[in-house]
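Listed below, chain by chain, are the residues.
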Amino acid sequence: MTAPNSTPLAKLTAVEAKLFLRDAGAPLTVIGVPVALLLVFGLMPGVREPSPEHGGRSALATFIAPMSIAILLAMLALTMFPTFVATYREKGVLRRLSASPVRPSKLLAAQLAVNLVAAATTVLIILLLGALVLGMALPENAAGFALVTVLGTAALFSVGMLVAALSGSARTAGGIGTLAFFPMLALGGVWVPKENLPGFLQGVADALPLGATFNGLRETAAGAAPQPLQLIALLVTTAVFTGLSAKYFRWQ
Amino acid sequence: MPVIEVRELRKQYQGKLAVADVSFTVERGEIFGILGPNGAGKTTTVECMTAMRRHDSGSVSVLGLDPHRKTAELRQRLGVQLQESELPDKLKVWEALDLYASFYRDPADIDELMDALGLADKRETTFKKLSGGQKQRLSIALSLVGNPEIAVLDELTTGLDPQSRRDTWALIENVRERGVTIVLVTHFMEEAERLCDRLAVIDSGAVVAIDTPAGLVAGVDDEQRIRFRPSSPVEDDVFAELREVRTVERRGPELVVTGNGNVLHAVTSVLARKQIIAGGLRVEQANLDDAFVALTGKNLD
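Residues numbered from 1 in each chain as written. Chains lettered and ligands numbered in written order. Predicted model: local features only at pLDDT ≥ 70, side-chain atom pairs only at ≥ 80, totals over all residues. Heavy atoms only, no water.

## Brief notes about the overall build of chain A
Each helix and strand counted, chain A has 10 helices and two strands in total. Counting from the amino terminus, chain A carries its helices and strands in the arrangement α-α-β-β-α-α-α-α-α-α-α-α. Computed over C-alpha atoms, the radius of gyration of chain A comes to 19 Å, within 12% of the 18 Å expected from 2.2 N^0.38 for 252 residues, which places it in the range of a compact globule. For chain A, the C-alpha atoms occupy an extent of roughly 60 × 40 × 30 Å along the three principal directions. Here chain A holds 252 residues, and 52% of them are scored as buried. The contacts in chain A between residues at least 6 apart in sequence include a share of 73% that link residues at least 24 apart. Here chain A displays about 10600 Å² of accessible surface, and carbon together with sulfur accounts for 74% of that area. Between the mean site of the 16 positive side-chain charges and the mean site of the 9 negative ones, chain A shows a separation of 20 Å. (Helix = DSSP H or I, 4+ residues; strand = E, 2+ residues; numbered from the N terminus. Rg over C-alpha atoms; globule rule 2.2 N^0.38 Å. Buried < 20%, exposed > 50% of the residue type's maximum accessible area, 1.4 Å probe, protein only. Contact = heavy atoms within 4.5 Å. Areas by Shrake-Rupley, 256 points an atom, 1.4 Å probe, with all protein chains shown as cover. Lys, Arg positive; Asp, Glu negative; His and termini not counted. Charge placed at Lys NZ, Arg CZ, Asp CG, Glu CD.)

Shown next, in the form of structure tokens:
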């Protein structure tokens, strides 16, 4: 229970966190799906051994773990977060708040904070589980890996925010989010690795937010620096989509 | 000194005039009704009063404040219960009140509030599992949790069953007794008649009358209609010559007498003197419904 003199934002965040945990589906999906991906692919024969195909590193560390993290971030940002926000608008939760002394933007901030904590927790679980259970090597360029995670999260959530801004109902938000999610998986080099995509699609894979995150994580897990195109794409996406969301967002 | 003053309010959206000309004042401590059919501009008026919308022209002053300049101060002192605003499904009653209490500098005691609104035994119940009446009571509680000087309640009892509606009315009277000024937006005649000290009747974005419910009725039609079956034959003239009587008609075995003011007393006196018993006696009086029809030329529902 929070202190009686806690600020509205702290209180809102605590309440949103409780609601997130109380929603049976949300924590299960957020932690379950990426962890399942990690374990299922990570237990396949050969992926834990160093292979020349992955520059003398394991597929687990340089492909499977980055994939689990990128899918986690995209799922949260593109479908779950917009659905939450659209539900709040559809049900008039934001409208009720807009008649109170607290700006409804505080509720979005609280909701975002809860999503970010959930994302960070799951990233740590993936890395720890990988290292402790599957004997996975931790990212070699740890700082680069963290940077890509942060920028990728910002870019994907700004896209999710625009999805929330443009959808009238929770169902539409879920639909648009899913519609954005799958092509981004395919074009981002998740289903078919970037190296095996036709040349002109390799640039696309590094520019779309999901692909830029995923491929940047792969680079840094293997000890390299993230590619400039990936970082620039993530920064530009964040700026453009945040701007558009601010312009089109409706509170009711 | 009125606590709310609305003058010549006008608001248009997308070429559609929602409020054309609305003026009224609300005094401290009264229950002021805003009555009108759906789409008359009631909600828009309330939204301009509570700084949720900016009006095009006219002026609004609430507790001496300009809602758009002193929004933060106003929101601390004015509670609003809006239509179509729910809460998250899994939020419990006490959590909702505790959360909203944290928004105000001088919040009410939430346990007392739950007691007053009959929600004490629902404190651990989630919003989704509340009945319509309980949701509405929670909504009222949320509008009161900041200890407001004014509470604006929009379409409070729409969708409630008759029993919950009556319970809610009793509740509103209790709230007023705590000294809260109440603005009640409604399209239910019975609700307006039962609760409001004064009413503004709004139609097509304009105020057509402001008065007490009784004043509105009296202003429109003072006529009473009395129907009965006399126990023994009686001449029409016996009634027709009374000063209070306007018309006397026979419909089968029934006599129908109309007139103003004290017509009932005059007719019953005559009947008593002649020792005639009035069988199936009914008195029909103009009510707020008639007043509304006369003022706006349309029915409410």
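## Some remarks on the interface of chain B and chain A
Interfaces are frequently sized by the accessible area removed from exposure as the parts join. Each side of the interface is counted separately: chain B has 28 residues, and chain A has 25 residues. Both faces considered, chain B and chain A share a buried interface measuring about 2400 Å² in area, 57% of it formed by carbon and sulfur atoms. A per-residue breakdown of the area chain B buries against chain A is headed by Arg75, Lys90 and Phe103 of chain B, which together make up 24% of the total. The interface formed by chain B and chain A includes six salt bridges. Between Glu47 of chain B and Arg95 of chain A there is a salt bridge, and its shortest N-O distance comes to 2.8 Å. Put simply, chain B and chain A have 12 residue pairs in polar contact (both at pLDDT 80 or more) between them. (Buried area = accessible area lost by both parts, 1.4 Å probe. Salt bridge = Lys/Arg side-chain N within 4 Å of Asp/Glu carboxyl O. Polar contact = N/O pair within 3.5 Å; in protein donor to acceptor, adjacent residues only side chain to side chain.)

## Considerations on the domain arrangement of chain B
Annotation of chain B at the domain level lists domain 1 (4–218) and domain 2 (223–285). Here the C-alpha centroids of domain 1 of chain B and domain 2 of chain B sit 45 Å apart. (Domains from an automatic or database assignment.)

## Focus: the environment of Leu119 of chain B
Residues and elements named next belong to chain B. Checked against the element boundaries, Leu119 lands in the loop between helix H4 (110–116) and helix H5 (132–144). Judged by relative accessible area, Leu119 falls into the buried class, the value being 0%. Between the C-alpha atoms of Leu119 and Gln134, which are 15 residues apart in sequence, the distance is 7.3 Å. Ignoring sequence-local partners within four residues, the contact set of Leu119 consists of Val93, Met114, Gln134, Arg137, Leu138 and Ala141.

## A word on the pattern of salt bridges
For the structure on display, the rule yields 32 salt bridges over all chains. Put simply, Lys194 of chain A and Asp206 of chain A hold a salt bridge, and the shortest N to O gap is 3.1 Å. Taken together, the positions of Lys194 of chain A in the loop between helix H7 (170–187) and helix H8 (199–207) and Asp206 of chain A in helix H8 put the pair 12 residues apart, joining distant regions of the chain. Residue classification places Lys194 of chain A among the buried residues on the basis of a relative accessible area of 10%. When its relative accessible area of 5% is taken as the criterion, Asp206 of chain A is described as buried. A salt bridge links Glu149 of chain B to Arg28 of chain B, with the nearest nitrogen and oxygen atoms 3.4 Å apart. One end of the pair, Glu149 of chain B, is in the loop between H5 and strand E6 (150–154); the other, Arg28 of chain B, is in the loop between strand E2 (16–27) and strand E3 (31–35), and 121 residues separate them in sequence. On the basis of relative accessible area, Glu149 of chain B is assigned to the partly exposed category, the value being 24%. Its relative accessible area of 49% is what places Arg28 of chain B among the partly exposed residues. Overlapping salt bridges, with partners in common, bring together Arg28, Glu73, Arg77, Arg105 and Glu149 of chain B in one network.

## Comments concerning the nonpolar core
Leu97 and Leu138 of chain B are the most contacted members of the largest nonpolar core, which has 118 residues in total. Counting residues per element, this core draws most heavily on helix H3 (residues 59–90) of chain A, at 21 residues. Beyond its immediate sequence surroundings of up to four residues, Leu138 of chain B is in contact with Leu87, Val93, Leu97, Leu119, Phe127 and Leu130 of chain B. The next biggest cluster of nonpolar side chains, apart from the first, holds 30 residues, and it includes Val3, Phe24, Phe32 and Ile34 of chain B. (Core = buried A, V, L, I, M, F, W, Y, C linked by side-chain atoms within 4.5 Å.)

## Things to note about helix H3 (residues 93–101) of chain B
Most of H3 of chain B is tucked away, with eight of its nine residues classed as buried. Here H3 of chain B has its buried residues at Val93, Trp94, Glu95, Ala96, Leu97, Leu99, Tyr100 and Ala101 of chain B. Against helix H1 (8–22) and helix H4 (93–98) of chain A together with H4 and H5 of chain B lie the buried residues of H3 of chain B.

## Some thoughts on H5 of chain B
Across its 13 residues, H5 of chain B extends 19 Å between first and last C-alpha, which sits within 8% of the 18 Å expected from 1.5 Å per residue. With 11 of 13 residues buried, H5 of chain B lies mostly within the body of the structure. (Expected span 1.5 Å × (residues − 1).)

## What about a negative patch on the surface?
All names here are of chain B. On the surface, Glu190, Glu193, Asp289 and Asp290 cluster together into a negatively charged patch. Listed by contribution, the elements that provide at least two residues to the negative patch are helix H7 (189–195) and helix H11 (288–296). Position of Glu190 relative to the elements: it lies in helix H7. On the basis of relative accessibility, which here comes to 51%, the residue Glu190 falls in the exposed class. (Patch = residues over 30% accessible without salt bridge, like charges linked within 9 Å, V, L, I, M, F, W, Y side chains within 5 Å.)

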